[in-house]
Every structure is written in structure tokens, then in C-alpha cells.
Amino acid sequence: MAVNTTPEAPLPVGEVSRLIGGWIDRLGAVWVEGQITQLSRRPGAGVVFLTLRDPSYDISVSVTCYRQVFDAVADVVSEGARVVVLAKPEWYAPRGQLSLRAAEIRPVGVGELLARLEQLKKALAREGLFAPERKKPLPFLPQLIGLVCGRASAAERDVLENARHRWPAVRFEVRNVAVQGVHAVPQVVQAVKELDALDDVDVIIVARGGGSVEDLLPFSDEQLIRTVAQCRTPVVSAIGHEPDNPLLDHVADLRASTPTDAAKKVVPDVGEEYERVRLLRDRARRCVAAVVDREERGLAHALARPSIQDPHRMIDARADQVADLLDRARRCLRHQLDRADSELSHTHARVVALSPAATLKRGYAVLQRADGHAVRDPGEVTGGEALRARVSEGEFSVRVDT
């Protein structure tokens, strides 16, 4: 229940501590899982002190238990071991300190750890964190590689030496972290986040040498898996050796069997690239030479054609044809003109022969009345009527005699 206080009526520290203790006493015993980071067994002491830490977060709590409780698992439990503890929360009022009073301690076996990892793997897979379409492609030639590994470790040496041997100009941004134990997960997570925030980092390698299942547990932690899944930078997992398979391998964009293999997959070999460039250059040169040769042969074939060697030949042949056609046209036209002239002459002769003037020249005359009409019938005229007589050489007047 809430406590009503005011600046004028505050609660003493002892009362606050007593109230907190009362609230905590209402909590029953709980099963707690964690990793033992500190263990104190003083000779002759009836109480054992240890610190239980959450490997995924920077949180720990003090645990006490009677010696007989710890002696039951003393042979299989030591610092760094994962345990499940049945404990009741206790509040030490004089110091204001929370601790757990353990009534039973159970070590977490490898089989149980693997079963939990399998359950976590299935849950994350259902969320799509391991889907192939989420994998980001690695750059062909990374300029700056982020490396997360143990300090002065063989994994760090293998990655740096092999990468620089393959491509001497490659640069690294190294983050040395704990790769096992209770501090491994938060340090690795922080290092991955720092490298992912750097715009110059093209790819991140998380590397560690082989180890036992317990040693590699930090790389199957859910917090680390989700951090890698949210990275915008491609991440390469190089944990352990070929048989080792932490969950980081499934969420990473690329899995390398060893740190050396990671260097080979991330950095191209400068010798191989030089050879590839040489082969491509030779291939390009052969292709260009083949094209030039083909065009030269085509040009030679075109130049060998008669129309190219003697371009006037066709013109001359056509000129003869044009001349022949021109002569033929002239002959045809001349023939047509001659025939037309002959027809015209014959027609002119017939016209002349049939014309009145020709009749008049033969001695005939035409009598015309005053109105110009020719006289064709004697009954058309009257006695004494003046007529005009037209002959070949002119005309004269005549008068009708009754």
C-alpha cells in the first residue's frame, strides 16, 4: 500500500527500510537462473556467499546459502557456471541491501542448455530473424572492416594477418571485448552497436576461436541475436570451428567456419584479382581483334566487288543503252513527223481541189444578190435585178434580162 508522506511529515530511513523489508517478505520463494561470478567459501564459515549475474544484462544480485546447501553441488559448480537457484528474497534493513537466500542450487547441464537454445532458435525463426531474404550482401572490397574479438586472441591475429595478406590496403576498426563469461554479452553487443553506427565501416566480423558449449553461449544470447538482426551493416559470424554452430551463425548475413575463413570470404585476394583483370583484359583484346579482323575481311570483300573496282562500268553500260534509246526515239519521231507531213500534204491537196476558188479558176462564176446570198435557182431573181458576179480574178456587176 502507498504511504502518505509530506515534507512536514517525512518517514525516517529506518521506517522506509522496514516497510521495504515488509513488502519483500511478502514475496515467496522463486526459481532464479543466472551465472555465478563471485564465490566465497570461508573455511569454517556456515554460510557461502556468491553473486548471481544475468549474462544478457549488466545486472547481478547477491546470494547466500548454508554450507550444506552449496556442498551438495560443490563438485560441479564453480565461478562461471550457470545455475538455477530456489531462493527467497531478503532485505537487510541496516544496510538497505537486497539478497537472495538460496534453499536449493541446481547446475544447468549441457543437455538442458542445448534444449533451451533449440527453443530460442525456433522462436526467433518464427519471427523471421533467420530468413534468407533478410541477409544483406557483402561489399566486394570493404575499405574499413569492423572486428569484434578478444584482446590479443588467436582469432584477432588470424583475421588481421590473413586479410592484410590478401589485400594489404584493407583497414580495420577493432573492438576488443570479453568473448566468454558474464561480461561477454554486454560488451559484444556494445561493440557491434558502436561499429554499426560508424558510416565508414562496410562490414562487421564477430570472431572467436573454438571452445566448449558453455564458452560459446554468449554468442547464442537473445539480446545479441536481436542486436545483429537490427544492424544496417552486414555482419559476418566467425565463431568457433566447423562443428560449432551458435545462433549468431543463423542471424548473421554470412557464416564463416573459422576466423581465417572469415578473412578469406570478406576480403578479396589481390593476386587473384590481378589475374582476373589480366584474363579479362586478354579476353577483351581478343574480342576487339576478332571484330577488327572480321571488319577488315568484310571491307576487303566489298572492295573486291566489280562495282567498287570499276564504278564507271555500270554507267558506261547504261550510257550505251541511253544512246540506243535516244536514236530509236529520234527515228520514231522522224517517222511520225514524215507520215504526218505526207498526210498533211494529201489533205491540203484535197482541200485545194475541193475549194470554190479552184472551181472559179476553171471558168466558173458565182452570182450573188445584194444581200450576199448566192443565186442557185433562176426563179430566185427578177428581171432588171442587179447581181454581182464573182470570178477567179475578181468580181463585176450584172443585170438580169427578162
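Residues numbered from 1 in each chain as written. Predicted model: local features only at pLDDT ≥ 70, side-chain atom pairs only at ≥ 80, totals over all residues. Heavy atoms only, no water.

Asker: Talk me through the sheet that holds strand S9 (residues 235-239); I want residue IDs and the actual numbers.
Answerer: In spatial order, the strands read S7-S6-S8-S9-S10; together these five strands make up an open sheet with parallel pairing. The open sheet has two edge strands with one neighbour each: strand S7 (171-176) and strand S10 (254-255). One ladder, built from five bridges, connects strand S8 (residues 203-208) with S9; its direction is parallel. Bridge pairing in S9 links Ala207 to Ala238. The strands that helix H5 (residues 184-197) touches are strand S6 (144-149), S7 and S8; relative to S6, the one it contacts most, it runs at about 175 degrees. (Pairing = 2+ DSSP bridges. Helix = DSSP H or I, 4+ residues; strand = E, 2+ residues; numbered from the N terminus. Contact = heavy atoms within 4.5 Å. Axes fitted to C-alpha atoms, helices over the stretch in contact; angles between N-to-C directions.)

Asker: Can you tell me about the environment of Val206, naming the residues and giving the values?
Answerer: By the secondary structure assignment, Val206 is in strand S8. Relative accessible area serves as the criterion here: at 2%, Val206 is assigned to the buried category. Sequence separation between Val206 and Thr51 is 155 residues; the distance between their C-alpha atoms is 29 Å. Those residues in contact with Val206 that lie beyond four places of it in its chain are Val148, Val188, Val192, Phe219, Val235, Val236, Ser237, Ala238, Ile239 and Leu248. (Buried < 20%, exposed > 50% of the residue type's maximum accessible area, 1.4 Å probe, protein only.)

Asker: Mind laying out the packing of helix H4 (residues 154-166) against helix H8 (residues 259-266), listing which residues take part and the relevant values?
Answerer: Close contact between H4 and H8 brings their axes to 8 Å; oriented N to C, the two are set at 30 degrees. The angle between the axes of H4 and H8 places the two elements in the roughly parallel class. Judged by the sense of rotation from one axis to the other, the crossing of H4 with H8 is right-handed. Residues Ala155, Asp158, Val159, Asn162, Ala163 and Arg166 of H4 form the contact with H8, whose participating residues are Pro259, Thr260, Ala263 and Lys264. Tallied by class, residues from the contact of H4 with H8 come to five nonpolar, two polar and three charged. (Parallel < 35°, antiparallel > 145°, perpendicular 65-115°, else oblique. Left-handed = near helix turned anticlockwise from the far one by under 90°. Nonpolar A, V, L, I, M, F, W, Y, C, P; charged D, E, K, R; others polar.)

Asker: Could you give an account of the packing of aromatic side chains, with specific residues and numbers?
Answerer: Here the structure, examined in full by the defined rule, presents zero aromatic pairs. Its end group placed over the ring of Tyr66, Arg101 keeps NZ or CZ at 5.0 Å from the ring centre. (Phe/Tyr/Trp six-rings, centres within 6.5 Å; stacked < 30°, edge-to-face > 60°. Lys NZ or Arg CZ within 6 Å of the ring centre and 35° of its normal.)

Asker: Report on a negative patch on the surface, specifying residues and quantitative values.
Answerer: Taken together, Asp310, Asp316, Asp320, Asp324 and Asp327 make up a surface patch of like negative charges. Checked against the element boundaries, Asp310 lands in the loop between helix H10 (306-309) and helix H11 (312-354). (Patch = residues over 30% accessible without salt bridge, like charges linked within 9 Å, V, L, I, M, F, W, Y side chains within 5 Å. Areas by Shrake-Rupley, 256 points an atom, 1.4 Å probe, with all protein chains shown as cover. Salt bridge = Lys/Arg side-chain N within 4 Å of Asp/Glu carboxyl O. Lys, Arg positive; Asp, Glu negative; His and termini not counted. Charge placed at Lys NZ, Arg CZ, Asp CG, Glu CD.)

Asker: Which residues make up helix H1 (residues 13-25), and what values do they have?
Answerer: For H1, spanning 13 residues, the distance from its first C-alpha to its last is 18 Å, which sits close to the expected 18 Å at 1.5 Å a residue. All buried positions along H1 are accounted for by Ser17, Gly21 and Ile24. Looking down the long axis of H1, one finds its buried residues gathered within 65 degrees of arc, a one-sided arrangement. Elements that come into contact with the buried residues of H1 comprise strand S4 (82-92) and strand S5 (97-107). (Expected span 1.5 Å × (residues − 1). Arc of directions from axis to C-beta.)

Asker: Describe the sheet that holds strand S12 (residues 386-391), and please don't skip the residues or the numbers.
Answerer: Strand order across the open sheet formed by three strands is S11-S12-S13, with antiparallel pairing between neighbours. For this open sheet the edge positions go to strand S11 (366-368) and strand S13 (394-399), each flanked by a neighbour on one side alone. With direction set aside, neighbouring strand axes in the sheet form an average angle of 30 degrees. Note: S12 against S13, six bridges, orientation antiparallel.

Asker: Can you explain the pairing of strand S2 (residues 47-54)? Please cite residues and give values.
Answerer: Successive side chains on a regular strand alternate, one facing one side of the sheet and the next facing the other. Where strand S1 (residues 30-40) lies against S2, five bridges are found, and the strand directions are antiparallel. Bridge assignment links Leu39 to a residue of S2, and that residue is Leu50. Between the antiparallel neighbours S1 and S2 lie six residues, among them Gly44 with a positive phi of about 85 degrees. Across eight bridges, the pairing between S2 and strand S3 (residues 59-66) is antiparallel. Bridge pairing in S3 links Asp54 to Ile59.

Asker: Give a description of the side chain of Asp196 that names residues and reports values.
Answerer: Along the chain, the position of Asp196 falls in helix H5. Within the buried core, Asp196 has no salt-bridge partner, and the shortest N-O distance to an opposite charge, that of Arg232, equals 4.4 Å. In terms of polar contacts, Asp196 uses its side chain to reach the side chain of Thr233, at 2.8 Å. If we ignore the near neighbours within four places in the chain, the residues touching Asp196 are Ile204, Cys231, Arg232 and Thr233. (Polar contact = N/O pair within 3.5 Å; in protein donor to acceptor, adjacent residues only side chain to side chain.)

Asker: A description of H4 should follow, citing residues and the corresponding values.
Answerer: For H4, spanning 13 residues, the distance from its first C-alpha to its last is 18 Å, which sits close to the expected 18 Å at 1.5 Å a residue. Turning to H4, its buried residues number three or more, namely Ala155, Glu156, Val159, Leu160, Ala163 and Arg166. Along H4, the residues classed as buried sweep out an arc of 145 degrees about the axis, all on the same side. In this structure, the buried side of H4 is in contact with S6, S7, S8, H8 and helix H9 (270-303).

Asker: Give a detailed account of the confidence of the model for the chain, specifying residues and quantitative values.
Answerer: This prediction gives the chain a mean pLDDT of 87; 97% of its residues lie at or above 70. The spread of mean pLDDT over the elements of the chain runs between helix H12 (residues 356-361), the lowest at 75, and S6, the highest at 95. (pLDDT = per-residue confidence, 0-100.)

Asker: Provide a residue-level description of a positive patch on the surface, including the pertinent values.
Answerer: Together, Arg328, Arg330, Arg331 and Arg334 line one region of the surface with positive charge. Tracing the backbone shows Arg330 in helix H11.

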